[in-house]
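# Fold and contact review
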Amino acid sequence: MQRQEQIADWIDLNRRVTITDVCRYFSISVATARRDLQALSEQGRIRRVHGGAVSVQSAIEQPQIVNRMFDTAEQAEGNGPNGARRSILVFAPHFDDEAIGCGGAIARHTAKGDRVVVVFMSRGDSGSTVPGHEMDPKTSERTLKAEAEKAGQVLGIVRQVYLDLDDGFMGWTPDLLREFVRLINRYRPSIVYAPHADESHSDHRVASQLVSDAVPRAGWGAFPTLADRAWAVEEVRYYEMWTPIQRPNLYLDITPYVETKLAAIRQYASQLVMVPYDDGSLGLNRFRGATTARFQYAEAFIQWAVTTR
Ligand SMILES: [Zn+2]
């Protein structure tokens, strides 16, 4: 019965799946997939629909676009009127960008039961020349992936995906754009997080552009070569990391999650010997909170409520 549990969990994450999806993902026959879905449906774990199944949560969830300047901890990540869990996808050019850029938002999501998947683009091979903390590229890669696992546990992230691109030398390519579309179609997020377009680091700008280009394409049902199913993202939130956003249009109150965020950043001990990211991030979040005149700590974003398809 362990497989049925996994299937139920996976349907919650993806919200709506076809029989073919289930067969392919779990490598089982159509008859077995139908039997499993029937059993889960009788247990009330999922709901059967023509040709597949939906999660019970998503069946009752009303898509909710958070389209206001300020968003309190209580109202925010409202997960629909009935507390349904949502799928959230975070694109991080490098290890630690997720924790520094939107670690507070991630902690808010996971505290409310949302499923957060993080895609790390770099393989973390930049190394280090800090005296006493020198690291060759291989050691750097191993260390950063281990630190990312620990940070992910602190934040409650359910899955981490590694694209293993060259640190510092990323470029926009059609293949990478297709990969982003595939990831969005696979994880079916309500909200996507990515760096904002004016970041000083070129890898961040590349990530931002890829997400901006991939989100509309993920919703194109007429391109079977891109993916076998289309997915409409409701919202993109562009976060700040190296370069503060000049005109944010969304502030999330992260006051209750600041300690969790700091704990996640501090898992990246190999990076903190180079830059005090924990202090820097806290300072920026305090500034964002103070300038809202209502929160102690806040993360600021450029919010794109996606309406174009
Ligand atoms: Zn970065």
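Residues numbered from 1 in each chain as written. Predicted model: local features only at pLDDT ≥ 70, side-chain atom pairs only at ≥ 80, totals over all residues.

### Examining the overall build of the protein chain
Secondary structure assignment for the protein chain yields eleven helices and eleven strands. The buried share of the protein chain, reckoned over its 309 residues, is 44%. Of the contacts made within the protein chain by residues no fewer than 6 positions apart, 74% connect residues no fewer than 24 positions apart. (Helix = DSSP H or I, 4+ residues; strand = E, 2+ residues; numbered from the N terminus. Buried ≥ 20, exposed ≤ 12 C-beta atoms within 10 Å, placed from the backbone. Contact = placed C-beta atoms within 7 Å.)

### So, the nonpolar core
In this structure, Val 90, Phe 91, Val 119, Ile 184, Val 192, Tyr 193 and Val 211 are the most contacted members of the largest nonpolar core, which totals 63 residues. The element that contributes the greatest number of residues to this core is helix α8 (residues 202–218), accounting for seven residues. Discounting chain neighbours no more than four positions away, the residues touching Tyr 193 are Val 90, Phe 91, Cys 102, Ala 105, Arg 237 and Tyr 239. In this structure, Ile 7, Ala 8, Ile 11 and Ala 53 belong to the second largest nonpolar core, which totals ten residues. (Core = buried A, V, L, I, M, F, W, Y, C linked by C-beta atoms within 7 Å.)

### What to know about the pairing of strand β11 (residues 298–305)
The buried fraction of β11 is high, at seven of eight residues. Here five bridges tie strand β9 (residues 235–239) to β11, and the two strands are oriented antiparallel to one another. Bridge pairing links Tyr 239 to Phe 301 in β11. Both strand β10 (residues 250–253) and β11 contribute to a ladder of four bridges, which runs antiparallel. Each residue of the ladder has a partner; that of Asp 253, found in β11, is Ala 298. (Pairing = 2+ DSSP bridges.)

### Regarding the confidence of the model for the protein chain
Per-residue confidence for the protein chain gives a mean pLDDT of 86; residues scoring 70 or more make up 86%. In this model, residues 58–69 is a region of pLDDT below 50 whose contacts with residues beyond four sequence positions or in other chains number 25 contacts. Low pLDDT, under 50, characterises residues 71–82; the predicted model gives this stretch 30 contacts beyond four residues in sequence or across chains. (pLDDT = per-residue confidence, 0-100.)

### Some details on the sheet that holds strand β3 (residues 52–55)
Within the open sheet, the three strands sit side by side as β1-β3-β2. Their pairing is antiparallel. Unpaired on one side and paired on the other, β1 (16–18) and β2 (46–49) mark the two borders of the sheet. Across this sheet, the average inter-strand angle for adjacent strands is 25°, counted without regard to direction. Relative to β3, β1 runs antiparallel, the two being bridged by three bridges. (Axes fitted to C-alpha atoms, helices over the stretch in contact; angles between N-to-C directions.)

### Some words on the pairing of β2
Taken together, the four bridges between β2 and β3 define a ladder with antiparallel strand orientation. Opposite Arg 48, over in β3, you have Ala 53 as the bridge partner. Here β2 folds back onto β3, and the loop between the two strands holds two residues, one of which, Gly 51, carries a positive phi near 80°.

### Concerning the environment of Asp 166
One can find Asp 166 in the loop between β7 (159–165) and α7 (174–187). Distance from Asp 166 to Ser 126, taken between C-alpha atoms, is 8.3 Å for residues 40 residues apart in sequence.

### Description of α7
With 14 residues, α7 should reach 20 Å at 1.5 Å per residue; the first-to-last C-alpha distance of 20 Å fits that figure. Within α7 the residues assigned to the buried category are Phe 180, Val 181, Leu 183, Ile 184, Arg 186 and Tyr 187. Close packing links the buried residues of α7 with β5 (87–92), β6 (115–122), β7, β8 (191–195) and α8. Directly beyond the C-terminal end of α7, a positive phi value near 50° is found at Arg 188. (Expected span 1.5 Å × (residues − 1).)

### Some details on the packing of helix α6 (residues 137–155) against helix α9 (residues 258–265)
Two elements in contact, α6 and α9, have axes separated by 8 Å at closest approach and are oriented at 170°. Classified by the interaxial angle, the pair formed by α6 and α9 is roughly antiparallel. The segment α6 lies against α9, with Ala 151, Val 154 and Leu 155 engaging Thr 260, Ala 263 and Ala 264. Looking at side-chain class alone, the contact of α6 with α9 contains five nonpolar, one polar and no charged residues. (Parallel < 35°, antiparallel > 145°, perpendicular 65-115°, else oblique. Nonpolar A, V, L, I, M, F, W, Y, C, P; charged D, E, K, R; others polar.)

### Looking at the environment of Leu 176
By the secondary structure assignment, Leu 176 is in helix α7. Judged by C-beta crowding, with 19 C-beta atoms within 10 Å, Leu 176 ranks as partly exposed. Distance from Leu 176 to Leu 210, taken between C-alpha atoms, is 7.7 Å for residues 34 residues apart in sequence.

### Details of helix α5 (residues 97–111)
Between the first and last C-alpha of α5 there are 20 Å, a value that for 15 residues agrees with the 21 Å anticipated at 1.5 Å per step. In terms of residue burial, α5 counts as a mostly covered element, since 14 of its 15 residues are buried. Directly after α5, the chain includes Gly 113, whose backbone phi takes a positive value near 95°.

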